[in-house]
2 protein chains.
Amino acid sequence: MPGMMDTVLNVGLNDDSVEGLAAQTASERFAWDSYRRLVQMFGKTVMGVDGDLFEEALDKTKEHKNVHNDVDLDAADLKRLVSTFRSIIKKKTGRPFPQDPTEQLHLAIEAVFRSWDNKRAQDYRRHNKISDSLGTAVNVQAMVFGNKGADSGTGVAFTRDPSSGENKPYGDYLENAQGEDVVAGIRNTVPLHEMGRLQPQAWTELQQHMDKLEKRFKDMCDIEFTVEQGKLWLLQTRIGKRTAIAEWVIAKDMVDEGLITVKTAGQDRVTAGKLDELFKPSVKAEEIKGKEPLARGLNASPGAAVGRVVFSADDASAWADRGEKVILARRETNPDDYHGMIASQGILTSAGGTNSHAAVVARGEGIPAVCGADAIRMDTKNKHFTVGETVVAEGDWITIDGTQGTVYKGQLATEPSPIDAAMMGNKKARKAKLWQAYEEIDAFMERKRKMRVRANADTPEQARNARARGAEGIGLCRTEHMFMGEERVAEVRKMIFASTAEAEREAYKALLPLQRRDFVGIFKAMDGFPVTVRLLDPPLHEFLPNHVDLEVEVALVEAGAKKMGKKKLAERKQVLAKVRDLHEANPMLGLRGVRLGIIKPGLYAMQVQAIVEAAVQLKKKGLDPRPEIMIPLVATAEELRQMREELEPVARRIIKRSGVKLSVEFGTMIELPRAALCAGEIAEHADFFSFGTNDLSQTAFGFSRDDIGKFLALYEERKLVPSNPFATIDEAGVGRLMQIAVQEGRAAEPKIHLGICGEHGGDPDSVLFCHGLGLDYVSCSPFRVPTARLAAGQAVLGTAQTSSK
Amino acid sequence: MPGMMDTVLNVGLNDDSVEGLAAQTASERFAWDSYRRLVQMFGKTVMGVDGDLFEEALDKTKEHKNVHNDVDLDAADLKRLVSTFRSIIKKKTGRPFPQDPTEQLHLAIEAVFRSWDNKRAQDYRRHNKISDSLGTAVNVQAMVFGNKGADSGTGVAFTRDPSSGENKPYGDYLENAQGEDVVAGIRNTVPLHEMGRLQPQAWTELQQHMDKLEKRFKDMCDIEFTVEQGKLWLLQTRIGKRTAIAEWVIAKDMVDEGLITVKTAGQDRVTAGKLDELFKPSVKAEEIKGKEPLARGLNASPGAAVGRVVFSADDASAWADRGEKVILARRETNPDDYHGMIASQGILTSAGGTNSHAAVVARGEGIPAVCGADAIRMDTKNKHFTVGETVVAEGDWITIDGTQGTVYKGQLATEPSPIDAAMMGNKKARKAKLWQAYEEIDAFMERKRKMRVRANADTPEQARNARARGAEGIGLCRTEHMFMGEERVAEVRKMIFASTAEAEREAYKALLPLQRRDFVGIFKAMDGFPVTVRLLDPPLHEFLPNHVDLEVEVALVEAGAKKMGKKKLAERKQVLAKVRDLHEANPMLGLRGVRLGIIKPGLYAMQVQAIVEAAVQLKKKGLDPRPEIMIPLVATAEELRQMREELEPVARRIIKRSGVKLSVEFGTMIELPRAALCAGEIAEHADFFSFGTNDLSQTAFGFSRDDIGKFLALYEERKLVPSNPFATIDEAGVGRLMQIAVQEGRAAEPKIHLGICGEHGGDPDSVLFCHGLGLDYVSCSPFRVPTARLAAGQAVLGTAQTSSK
């Protein structure tokens, strides 16, 4: 069970424990403080009383005494608080706080087991893909006390920096306190190394333990410890959570130190699902040069985030659901805020340290966070915060830099991450340890991978970028954009409005040289690698004006409410007639893909001519273009057979005339259930299949991606879908269709190439699934190519956890 | 190979055959006529010359001579015609008419084999689902001549009336003519029994042969015969084509005559795919009482048809594709018109007899036809026809009555067919032989059928009608209409606009008693039979005004071009905002079905309450309502589990409170590919599955039924789909999904009931497929219930031909 879910519950104190103790001496204060903590924690966690009630009572007492920290309360205050807490419990639960330590223990144990099924545990598991059937454990142990005075304290230590990965101890220490004070971020901690001054002996001992633990576990560890009157107690240790950067830096250092092998590093120490965090942009240097931030805080989780401020987890979740980018601002966060935190671009708190709940969750989830920005006065009730005179209200844009710990008003420009800069050839960036770590592990994985990794790229620039990031070809080159742009749209409209085959041919003739030039650029950028070109897919009405706008415009002109020349009006009405004619109830299931190719003879032939002539042109110059021509939206073998029968001779003629040797493959997307179910028959006419898992998921589930916004979040929350089927392949349904297609496609045509070009190609779990299916390659967006490369390697090595640690 | 495809080709005559023959005597005339026919037929059929060229030359000659029939031409005319025909051939093909009889024979044989692949043969096979791989045969035999003078002739005879089924010989005879003259309908034939006067001996002989043939084949036969100078020759015989009515009447008579058993009658003599022709309406008696028809012709194919006149097969096909009902009007039809004929509601010709091409095809396809309406002057070039002063132009509405042979202007009201009237209890109609035939065979099938047959019916009236037609329950009761109607829509809109759960509940409360009343009516009508109620399925925007209209209206008001009160405008704008909010890119794949039930808590619960309270009410009165509640559009098991968890207690509570015993089943439609693929899991929460093959076909193929109009016809023509997947289940894709769902659903839950409620439930081929899958029932539109009952029985008996004979 990952750390954020564990709960420490103290039991064993009761009225007898403080019987006859006056509320005066330090040891009396300690006793009452311990009892107060126990009642508060037990009341909240075991008996289910709203924690705010205790906090409010505590705040009121501190306010009344005009002090800031719990330690400044005297024993009499604490005694009163115990009494207040107990009456809160009585009032809210109808039962008194239990006095029998055994009963306390049993209730506490039950509460821990019960916590497995609470909403935040469920949220956490769903988000992290942890099975609901694992269950949790309870560990019962004797207490030590960090709140026994100035020679006592408590802390959290990491053997290395969990944020940067740097090889030096890192953590927080808090004098005269118990563990929950550190984690809750209520009191301000001191950096761990201050222990050298405060508790020199315990510090030395802690460092020795750290060393021993790292040698034992061969990994960075985190340690919870308490110093009780000078004596160090380790409460627990486990493998430390870390940022994505730290994963790579620590792995590389440990390989260099000889602690682990590169294989171990690649297999277990770096998480494919977190790699893309490293590609997150940071705030552009020139944007902040000489600029004073609105506020400063702790750099709790790296990366820059730009979003509109919201002040509650529910708002964060609701705004995000309707597509808003938000930054969640809170005084501090607690586990009940989890759903809102993971919906946010970034998190900002005004209290809490680098190990506060906000910081831990943010790092774990790869969400940029600035914590403990104490110049900020949060007023979550009235939905704004203030820094001095400045007021930032709900919906205002802010930018946070989790790497620097800074907060700015407005939307600042961001810039690529260092690893991305290194990939794109930046020499300085290539000297960083992160890049060295990436290079070494990626090179190792390169030799292990069974699947190639291609990118989805539509332009020469995208192709170059993809290649720099490690793409081994293009798995999906969409050609829609080759029909866009002022000059081209005019020709496309001519094609749409053509009343004769001759007029249509004229339009194709005009488009041909333009598209040929596009393909020359793309093939050049991907020289030596395959490029899968998808012939025109979207419905033709996408090249015409918006239907509603046009209806309104024409109606206004005809009613005399808008002026327009007679000739222009006639032209607009002609366009409107065509738009109405092409209007579809469900364009996703309408006249698009291969259906266009069939109904508009010559359209696909023109595209094939442009592709092949471009390839021939480069081949003549000594380059190595490898075009693969993909027919989209095939539902029946006959569609592909007839299309191929029309198009292959076009390619052959051009190649023959040119005298060069060039191989051109023809294949199809498998993106409709029927195509998957009839893959054996379709394979007879295909050199390759590429799974279009976006459309396949849409049709298998009957979910239109454009329309599921209204219910998908609820579906995920209520587990009505195993997970978001557009993020990770739904194995039971979509995956099964893929499996049928792979088996029967290969049985019919053993030499067929198989790949995937849906968004899932960059999702580690889906990459693992594709590896299991035996696909030849995955193709994804250029930014996710490194993720897919790592995931494809880890699929071979059998890495346990691909999505999160 | 069915009869309409056969071709008689004469060969063996050449210049030598008529060498030295002057063009004078009758025998010389005969020789020249035979040679003329040979050249014309050979030129057209073997050498591919446009037949119109020969016809035009012939017409010109007749015009010149001022005669109407070929027989009125003298030998000199025929000699000239031969010469003209031969030069047409030379000019059009570049080669002379072959003189060598062996060469003629070889060419003719080749032509017959070639004809297998011509377009009309392909159309015919596609329409009748005949395999392309069968091939055809050629039969070479010596000629006899019916054109040797007045003591010769030719005819077509049926052993019983192929139109009414009456047990008396029927056919046409034509003096001094060859076979093609009868079939082509160029010359007017005399009724067959006139042979008794013209050729008494041959007539007696023919009747004897008829008797013998019926005893031999135990079926009605058709016979082509020629009388050559008084001697009868039978050219060929085969099982006679007949109308749907004749099928049943002949079958019943033959059972009564002891020629065949009821089993044979039910298995082989009646065609499920043609049965619904008998349910076609006829023109209402009072509509035509005392009304003179525009024209009269032969009652070539029974049934009434109302449509807009078109004058070419291409127009018929194109108009029908865009949803128009058309009647194809031609002077006469030929095989090239086939595609237009099958696209028409009815066929009208001004020439040709009851065995002309038009009549034969119309009867075979069950299309009403009036032929040989010779008062009509067709001007197909200018797209109109005239009767006296009356002009009927393209697009004008006409009504034809193929049972009476009459033609009327305009759209006349029609009335139910006699068999339907009998089903609905009409006593007179129940005395007809057709009804007796139906009753006897249906009763036999009833004992054989493995599958039950239900109907899709949404109202008490539909339910009663369905039951009268033989429905054994309702397989799909859609509840959309229960949210329609002025009073209800107001409440539905309240539900849609509700901002609180309370307001939503109010709307449900108002709808509840109305819907309960609806269900009482339906359950009453289907007392003792199961009624599957589908909870609300369509997207909510269907209950709001049209988007485009509203945008235009509001824009016009705001621009001052239309007047509207301030309050009303505000209200319209509020509706518009909601319409925009609910607008979906692909509503078919959007927020509908179970998704609505989940996002609108209380909606389905209200429907379940209405259903169960209605059933309880009837149960208390001693009736036997059997509600089955169906959750639509389920994609995941969890959707059904959670929905059932919410709804089943609602039902249980009502039943418990009422004190009656009532069983309510809960199940789902399987209408998404994922549901079929995960049927095992879904079955754990379902008492029944009903295959929604309409949506399953839409999602499997990625075809929106609303949008395929633009390409489906082309797809069928080019065989890009095996057949129209919305008419007959696509076995390879959709069928496979069904098979998976049946197997895995039954494996998980052996007691589960399985049915189908898509349109396919009334298609004989699909019924056969469902029988093979082992479904428990099919459900279809009330009119198709008799068809499904027959098809379900024939599936058990192993009937070879379900669609057409």
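Residues numbered from 1 in each chain as written. Chains lettered and ligands numbered in written order. Predicted model: local features only at pLDDT ≥ 70, side-chain atom pairs only at ≥ 80, totals over all residues. Heavy atoms only, no water.

Focus on a positive patch on the surface
All names here are of chain A. Positive charge collects at one region of the surface, where Lys263, Arg447, Lys448 and Lys450 lie side by side. Its location among the elements puts Lys263 in helix H10 (residues 262-269). Judged by relative accessible area, which is 41%, Lys263 ranks as partly exposed. (Patch = residues over 30% accessible without salt bridge, like charges linked within 9 Å, V, L, I, M, F, W, Y side chains within 5 Å. Areas by Shrake-Rupley, 256 points an atom, 1.4 Å probe, with all protein chains shown as cover. Salt bridge = Lys/Arg side-chain N within 4 Å of Asp/Glu carboxyl O. Lys, Arg positive; Asp, Glu negative; His and termini not counted. Charge placed at Lys NZ, Arg CZ, Asp CG, Glu CD. Helix = DSSP H or I, 4+ residues; strand = E, 2+ residues; numbered from the N terminus. Buried < 20%, exposed > 50% of the residue type's maximum accessible area, 1.4 Å probe, protein only.)

Concerning the packing of H10(A) against helix H17 (residues 433-448) of chain A
Residues and elements named next belong to chain A. Two elements in contact, H10 and H17, have axes whose closest approach is 9 Å; the angle formed by their N-to-C orientations is 90 degrees. Here H17 runs roughly perpendicular to H10, going by the angle between their axes. Counted together, Val262, Lys263, Ala265, Gly266 and Gln267 of H10 and Glu440, Ile441, Phe444 and Met445 of H17 form the full contact between these two elements. Along the lines of polarity and charge, the residues of the contact of H10 with H17 split into five nonpolar, two polar and two charged. (Axes fitted to C-alpha atoms, helices over the stretch in contact; angles between N-to-C directions. Parallel < 35°, antiparallel > 145°, perpendicular 65-115°, else oblique. Contact = heavy atoms within 4.5 Å. Nonpolar A, V, L, I, M, F, W, Y, C, P; charged D, E, K, R; others polar.)

Details of the sheet that holds strand S14 (residues 384-387) of chain A
Residues and elements named next belong to chain A. Judged by pairing direction, the sheet is antiparallel, and its three strands sit side by side in the order S13-S14-S15 without closing on themselves. Each end of this open sheet is capped by a strand with a single partner; those strands are strand S13 (377-379) and strand S15 (390-393). The sheet shows a mean angle of 20 degrees between the axes of neighbouring strands, taken without regard to direction. Two elements, S13 and S14, share three bridges in a ladder whose sense is antiparallel. Of the residues in S14, the one forming a bridge with Met378 is Phe385. (Pairing = 2+ DSSP bridges.)

Observations concerning the sheet that holds strand S23 (residues 665-670) of chain A
All names here are of chain A. The strand order around the closed barrel built from eight strands is S19-S20-S21-S22-S23-S24-S25-S26, with neighbouring strands paired in parallel fashion. Neighbour-to-neighbour, the strand axes of the sheet open up by a mean angle of 30 degrees, direction not taken into account. Both strand S19 (residues 452-456) and strand S26 (residues 777-780) contribute to a ladder of four bridges, which runs parallel. Each residue of the ladder has a partner; that of Arg454, found in S26, is Ser779.

Focus: the packing of helix H30 (residues 731-748) of chain A against helix H31 (residues 764-773) of chain A
Residue and element names in this part refer to chain A. For the pair H30 and H31, interaxial distance at closest approach is 10 Å and the crossing angle is 30 degrees. Of the possible angle classes, the one that applies to H30 and H31 is roughly parallel. Here the hand of the crossing between H30 and H31 comes out right-handed. Only Phe769, Cys770 and Leu773 of H31 make contact with H30, whose side of the interface consists of Glu731, Gly735, Met738, Gln739, Val742 and Arg746. The residue inventory of the contact of H30 with H31, partitioned by class, reads five nonpolar, two polar and two charged. (Left-handed = near helix turned anticlockwise from the far one by under 90°.)

A word on unusual backbone geometry
Glycine aside, the phi torsion of most residues is negative, and most peptide linkages are trans. In this structure, Asn66(A) is a non-glycine residue whose phi angle is positive, near 60 degrees. Considering the arrangement of structural elements, one finds Asn66(A) in the loop between helix H2 (51-65) and helix H3 (75-93). Residue classification places Asn66(A) among the exposed positions, given a relative accessible area of 70%. Positive phi, close to 55 degrees, is recorded for Lys383(B), a residue that is not glycine. Tracing the sequence through the fold places Lys383(B) in the loop between strand S13 (377-379) and strand S14 (384-387). For Lys383(B), a relative accessible area of 32% gives the class partly exposed.

Thoughts on the relation of the copies chain A and chain B
Structural alignment of chain A on chain B gives an RMSD of 0.2 Å, achieved by rotating through 180 degrees and translating 0.1 Å along the axis. In the structure described here, the two chain copies are related by an operation that fits a two-fold rotation axis. By C-alpha distance to the rotation axis, the residue of chain A lying nearest is Asn586(A), at 2.3 Å. A share of 100% of the interface residues of chain A reappears at the interface of chain B, consistent with the copies meeting face to face through the same patch. (Least-squares fit on C-alpha atoms with pLDDT ≥ 70 in both.)

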